[in-house]
Amino acid sequence: MNGAITHDPTPGQTAGPFFGMALPNPELTDLVSPDHPDAVTLTGLVLDGDGAPLLDALVEVWQPRSSGGVRWGRCPTDVDGRYRFRISAEGDWVTLVVFARGLTDKLITRAYLASSSEDALWAGLTPEHRDTLRVSEHGNERHFDIRLQGADETVFLVPRQD
């Protein structure tokens, strides 16, 4: 084309695994103190499309406070692909953000601690999609696996751009 040189598109870049510099403080996993009256443990696995755990993902949690504002924490997955946070059982849901190898951007989802018919997102989902966001309760522990793709893939959210 008139002597112009054409080039193939540059491949997209992926995130990580280089999260060590973002984890200087292991206390970021505790959004509330152990003696908080509503303290519970939120734990789960980050799983790839084959159901294998991701050993080098980074998970953030954002929990709205009933008094306003949010609690925030960050946790790497361990050698079994598990993350763990101490959160408050108050409220209906927490937002989870996943950074992992092979992803070109973060993934955002919600973990529902309680079914809420008043929540517009929850109410707009099919029962099958709600199941991917439902936390299971085992005593003082809440369990929520994040499946990046495949069978029972977790529903991920697209943030508003306005």
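Since the model is a prediction, treat every value here as computed from it, not as a measurement. (Residues numbered from 1 in each chain as written. Predicted model: local features only at pLDDT ≥ 70, side-chain atom pairs only at ≥ 80, totals over all residues. Heavy atoms only, no water.)

Caption draft 1: Expanded view of the nonpolar core. By size, the foremost hydrophobic cluster in this structure holds 30 residues, and its most contacted members are Val46, Tyr83, Leu96 and Phe144. Counting only elements with at least two residues in this core, the list comes to strand 1 (39-47), strand 2 (58-64), strand 4 (82-88), strand 5 (93-99) and strand 6 (107-112). Sorting elements by how many residues they give to this core places strand 5 first, with 4 residues. With near-sequence residues (within four places) excluded, Tyr83 lies in contact with Leu42, Thr43, Gly44, Leu45, Val46, Val59, Cys75, Pro76, Leu96, Phe144 and Ile146. (Core = buried A, V, L, I, M, F, W, Y, C linked by side-chain atoms within 4.5 Å. Buried < 20%, exposed > 50% of the residue type's maximum accessible area, 1.4 Å probe, protein only. Helix = DSSP H or I, 4+ residues; strand = E, 2+ residues; numbered from the N terminus. Contact = heavy atoms within 4.5 Å.)

Caption draft 2: Up close: the pairing of strand 4. Among the 7 residues of strand 4, 5 are classified as buried, and the element is accordingly described as predominantly covered. Inspection of the sheet shows strand 1 paired to strand 4 by 7 bridges, in the antiparallel sense. Opposite Thr41, over in strand 4, you have Arg86 as the bridge partner. (Pairing = 2+ DSSP bridges.)

Caption draft 3: Focus on the confidence of the model for the protein. When pLDDT is averaged across the protein, the result is 87; 83% of the residues are at 70 or more. Mean pLDDT values for the elements of the protein range from 90 in helix 1 (residues 120-123) up to 98 in strand 9 (residues 146-147). (pLDDT = per-residue confidence, 0-100.)

Caption draft 4: Quick peek at the pairing of strand 6. Burial analysis of strand 6 places 6 of its 6 residues in the buried class, which makes it a mostly covered element. Examined bridge by bridge, strand 5 and strand 6 share 6 bridges and lie antiparallel to one another. Bridge pairing links Val94 to Ala111 in strand 6.

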